[in-house]
Amino acid sequence: DAGVIQSPRHEVTEMGQEVTLRCKPISGHDYLFWYRQTMMRGLELLIYFNNNVPIDDSGMPEDRFSAKMPNASFSTLKIQPSEPRDSAVYFCASSFMGGEGNTIYFGEGSWLTVV
Amino acid sequence: SQQGEEDPQALSIQEGENATMNCSYKTSINNLQWYRQNSGRGLVHLILIRSNEREKHSGRLRVTLDTSKKSSSLLITASRAADTASYFCATGLTGGGNKLTFGTGTQLKVEL
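A brief structural summary.

Each value, and the rule that gives it
Residues numbered from 1 in each chain as written. Chains lettered and ligands numbered in written order. Predicted model: local features only at pLDDT ≥ 70, side-chain atom pairs only at ≥ 80, totals over all residues. Heavy atoms only, no water. Helix = DSSP H or I, 4+ residues; strand = E, 2+ residues; numbered from the N terminus. Buried < 20%, exposed > 50% of the residue type's maximum accessible area, 1.4 Å probe, protein only. Areas by Shrake-Rupley, 256 points an atom, 1.4 Å probe, with all protein chains shown as cover. Lys, Arg positive; Asp, Glu negative; His and termini not counted. Charge placed at Lys NZ, Arg CZ, Asp CG, Glu CD. Pairing = 2+ DSSP bridges. Axes fitted to C-alpha atoms, helices over the stretch in contact; angles between N-to-C directions. Contact = heavy atoms within 4.5 Å. Buried area = accessible area lost by both parts, 1.4 Å probe. Salt bridge = Lys/Arg side-chain N within 4 Å of Asp/Glu carboxyl O. Polar contact = N/O pair within 3.5 Å; in protein donor to acceptor, adjacent residues only side chain to side chain. Nonpolar A, V, L, I, M, F, W, Y, C, P; charged D, E, K, R; others polar.

**As for the overall build of chain A**
- Within chain A, the secondary structure is distributed over 0 helices and 11 strands.
- Its helices and strands taken in sequence order, chain A reads β-β-β-β-β-β-β-β-β-β-β from the N to the C terminus.
- Here chain A holds 115 residues, and 50% of them are scored as buried.
- Surface accessibility of chain A: about 5,600 Å² in total, with carbon and sulfur atoms responsible for 53%.
- For chain A, the separation between the mean place of its 9 positive charges and that of its 14 negative charges on side chains is 4 Å.

In C-alpha cells, the structure reads:
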C-alpha cells in the first residue's frame, strides 16, 4: 500500500488566501484524522472522521478552518482566509478499527507557510 | 493541554548507549503507544502496550507501563545514529473511540 498520501507537501501563500490541503487515506481504513504540529503547541488533533462522518471537531481552531470527507478515499482541510499564525505542518492520518489497537498511520505532512 | 508529557525534552547520547524516555499521562487509558518522527517526516508507529500489560518488547525497544503511576517508559538499547529522531507517546483514552492524544515529545540525538 502507498500509505497516507498528502498534497501539497509544501505551500507558501499570502495572508488572506484560501488554502486547501488534501489527503488520501490508506485503503480500507475507516478513521481519518487531521493533526497540526507547531513548535509552540506540539501535535494537536483538529478533527477526525469515522466512515466519512465527522466525529469530533473540537480541535478546529476557528470558523476559518473546515474539513470534509466526501468519500472513503479523500479528505480536505480548508483554511479561508489564511493567517500567518496558521503556519504549521498539517498531518493527515488514518487507522482501522479492529487492527492492532488504534495504531495511526501518518502521511508525510503538508508544510504550510502563510506570509 | 497535552495528555502526555515526555521527559526529558531532549536527550543526547553516544552510539551504543541506551536511551530512556518517560511519558506521564493524566486520565484512564485503553493503550499507550510510542511513535517516532524523523526530521521533516511524518510520525511512524513503534509499539503499542495495552492497559493490562506491564512490559512489551520489540527488537531493541522495551516499553513499560505503570497504570498506577500513569507513566510509561521507552528504552532503546544499543542506540545507533539512525535512532536520532523525536519520540512521542500517545494515549488511547477509555471511551475515546479511535482517537489518540500525543505528548510533547523527546528529541533524541545519538552521536557517533
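**Some points on the sheet that holds strand E7 (residues 61–66) of chain B**
Residue and element names in this part refer to chain B.
- Pairing is antiparallel in the open sheet, where 5 strands are placed in the order E1-E3-E8-E7-E6. Only two strands of the sheet have a single partner each, and these edge strands are strand E1 (5–7) and strand E6 (55–58). Along the sheet, successive strands turn relative to each other by an average axial angle of 20°, direction set aside.
- With 6 bridges joining them, E7 and strand E8 (residues 71–76) adopt antiparallel strand pairing.

**Comments concerning the interface of chain A and chain B**
- Facing the 24 residues of chain A at the interface are 21 residues of chain B.
- Taking both partners together, chain A and chain B bury about 1,800 Å²; carbon and sulfur atoms supply 47% of that area.
- Across the chain A-chain B interface, the total number found is 2 salt bridges.
- Between B:Arg41 and A:Glu108 there is a salt bridge, and its shortest N-O distance comes to 2.2 Å.
- Counting across the interface, chain A meets chain B through 6 residue pairs in polar contact (both at pLDDT 80 or more).
- Residue composition of the side of chain A that touches chain B, grouped by class: 12 nonpolar, 7 polar and 5 charged.

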